[in-house]
Structures are given as C-alpha cells and as structure tokens.
Amino acid sequence: MAEENNIETTEAPAEATETGAEEQQGRGRGRGRGGRDGGDERGGRGRGRGGRDDRRGKREEEDDGIIEKLVHINRVSKTVKGGKRFGFAALVVVGDGQGRVGFGHGKAREVPEAITKATAAARKKMIRVPLKEGRTLHHDGNGRFGAGKVTVRTAPPGTGIIAGGPMRAVFESLGVADVVTKSVGTSNPYNMIRATFDALQDQTSPKSVAQRRGKKVADLLGRGGASAAEAEAEAAAIVE
C-alpha cells in the first residue's frame, strides 16, 4: 500500500505538469490570437487615420496652384528664469502666379512649425495686383516701410525679373515675368517685403480707373497722342 501511495504521489505532479503545460499553451494561443486580433484592430484604426490623411492630401491638391517661397529664417531667443529659450522665426511669401500674393511670418520652437505658421498667415493675407498682359506691372510705383524704400517699374518683354533677395520671391510668386526694381535703405527682409507690398497695393489698371471715373478705357488711352483705332485696340487687349 505504501508503494502504491508512493506511485500515485509521484505520478500526480506529472499530470499536474502536463495540465499546466496545456493551460500555458492555451494561454499562449489566446495571447497569440489576442495579439493578432489587436493587430487587426490597430490596423483598422490605422486605416481610419489613412482615410483622414487622404482627405488632407485632397485639400493639398486643391491648393497646388499656390507657390510658397521661404524668404528668411531667424533664430530668436527669450531669456527666462534659468537660462535662454531658443526658437525660430520664418518669413514666407505665397502666390498663385496669376496676380495674387501674400506674406506672413511665424515663430515656433522648431523650424517646420514656424514655416507652417508663416504659410498659414500668408494665405490669409493675400492681395490681388493687376498685371499688364499677365507679365508686368501697369505703371511705376514707390513703396516705403520704416527705413526701407523700393521702386518698381514696368518693363518690356524679355527683361526678366531684375530684383534681388526678398523682392524677387514676391514677384516670382505674383507671376510677374518682366520688372525692374531698386531697393534703397535697409536690407532687413521684413521691411523690404512690407515696402514692396506698399508699392504693389498702389497699382491700378486702366479698366479700374475708367470704371471709377465713368469713362471708357479707350478714352483714357487715347489721351497719350494715340489714334482712336490704336486706343480701341489697346483697350480691347487689356484684361484687367
């Protein structure tokens, strides 16, 4: 009887061991299934995010006509208790290449965030500038902001954009192909951009002047010594 009891006692742990192994395997399979199920659920959520990304992509495609140009990035610092906190300031010019242009600036702790803020601000403040034949300005103009002074002049075909630094970015985004510019005074890009926009906001077209004065475009163009036929042809060629 003692031997039988010993045999039963020694065999019981083996059965318990086998049962425990099976239970562990079952738990492992459960975890495996749960992991796969969890992966599927996460995959489902991932697909949901992908759908939102697709919608963002569609919005970007709708705004593909907007030209974005980074003009200047400056590192700024703020003195706080315990040291200095550094950030970045970005100046961006945007335009559609067809007579609309805007500028904006933004600050952030990282460069991409600063550029994003500046681009969003520029899109909100776009102005329309009338263009002659879709390639140059209608007339000369002067702009001033602070210590910055700029002069913009209309130019014949083939002249190109004779401008430097921030002013070139403005006219490229605006869609101007022929222009002559001169900047006098400060070389601060912020003041140069604002002075350039001051000059562009004063631009007017013969069509808008004729509507304001209650006259025909041919009447305004014929006062320069041109014949009536030439004035009519030139007036018909003016789009804005």
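First, a word on scope: everything that follows refers to the structure included in this document. Just so it is clear, the model here is predicted, and its values are computed rather than measured.

Comments concerning the overall build of the protein chain
The helix and strand tally for the protein chain stands at 7 helices and 8 strands. Relative to all contacts within the protein chain whose residues are 6 or more apart in sequence, the contacts with residues 24 or more apart total 54%. Surface exposure of the protein chain reaches about 15300 Å², of which carbon and sulfur atoms provide 48%.

Points about the environment of G65
Topologically, G65 is positioned in the loop between α1 (2–62) and β1 (67–80). Looking at G65, the relative accessible area reads 45%, which means it is partly exposed. As a C-alpha pair, G65 and G95 span 30 residues in sequence and 8.3 Å in three-dimensional space. G65 has contacts with G95 and D96, leaving out every residue within four places of it along the chain.

Observations concerning helix α3 (residues 166–174)
In terms of burial, α3 is largely enclosed, as 7 of its 9 residues are buried. Three or more residues of α3 are buried, namely P166, M167, A169, V170, F171, S173 and L174. G175, located one to two residues past α3, shows a positive phi value of around 100°.

Quick look at the pattern of salt bridges
Enumeration according to the criterion identifies 6 salt bridges in this entry. Note that R135 is salt-bridged to E133, the shortest N-O span being 2.9 Å. A salt bridge links R153 to D140; the nearest nitrogen and oxygen atoms lie 3.6 Å apart. One end of the pair, R153, is in strand β6 (residues 148–154); the other, D140, is in the loop between β4 (127–128) and β5 (141–145), and 13 residues separate them in sequence. Given the relative accessible area of 39%, D140 is considered partly exposed. Three or more residues are tied together by salt bridges with common partners; here these are K69, R168 and E172.

Describing the pairing of strand β2 (residues 83–95)
Examined bridge by bridge, β1 and β2 share 13 bridges and lie antiparallel to one another. What sits directly across from V80, in β2, is G83. Between β1 and the antiparallel strand that follows it, β2, lie 2 residues; G82 among them carries a positive phi value of about 100°. The pairing of β2 with strand β3 (residues 100–108) spans 8 bridges and is classified as antiparallel. Bridge assignment links A90 to a residue of β3, and that residue is G106. Hairpin connection between β2 and β3: a loop of 4 residues separates the two successive antiparallel strands, and G97 in this loop has a positive phi of roughly 75°.

Re the sheet that holds β5
Strand order in the open sheet made by the 4 strands is β5-β6-β8-β7, with mixed pairing throughout. Looking at strand neighbours, the two that pair on one side only are β5 and β7 (161–162), the edges of this open sheet. Two elements, β6 and strand β8 (residues 179–185), share 7 bridges in a ladder whose sense is antiparallel. By the bridge assignment, G148 is partnered in β8 with G185. Against the sheet, α3 touches β6, β7 and β8, its axis set at about 150° to β8. Here helix α4 (residues 189–201) sits on the sheet in contact with β5, β6 and β8, set at roughly 140° to β5.

Some points on the packing of α3 against α4
Two numbers describe how α3 lies on α4: the axes approach to 9 Å, and their chain directions differ by 45°. Between α3 and α4, the angle is such that the two are oblique. With respect to the hand of their crossing, α3 and α4 are arranged in right-handed fashion. Contacts between α3 and α4 pair P166, M167, V170, F171 and L174 from the former with P189, M192, I193, T196, F197 and L200 from the latter. A class-by-class count of the residues in the contact of α3 with α4 yields 10 nonpolar, 1 polar and no charged.

Criteria and cut-off values
- Residues numbered from 1 in each chain as written.
- Predicted model: local features only at pLDDT ≥ 70, side-chain atom pairs only at ≥ 80, totals over all residues.
- Heavy atoms only, no water.
- Helix = DSSP H or I, 4+ residues; strand = E, 2+ residues; numbered from the N terminus.
- Contact = heavy atoms within 4.5 Å.
- Areas by Shrake-Rupley, 256 points an atom, 1.4 Å probe, with all protein chains shown as cover.
- Buried < 20%, exposed > 50% of the residue type's maximum accessible area, 1.4 Å probe, protein only.
- Salt bridge = Lys/Arg side-chain N within 4 Å of Asp/Glu carboxyl O.
- Pairing = 2+ DSSP bridges.
- Axes fitted to C-alpha atoms, helices over the stretch in contact; angles between N-to-C directions.
- Parallel < 35°, antiparallel > 145°, perpendicular 65-115°, else oblique.
- Left-handed = near helix turned anticlockwise from the far one by under 90°.
- Nonpolar A, V, L, I, M, F, W, Y, C, P; charged D, E, K, R; others polar.

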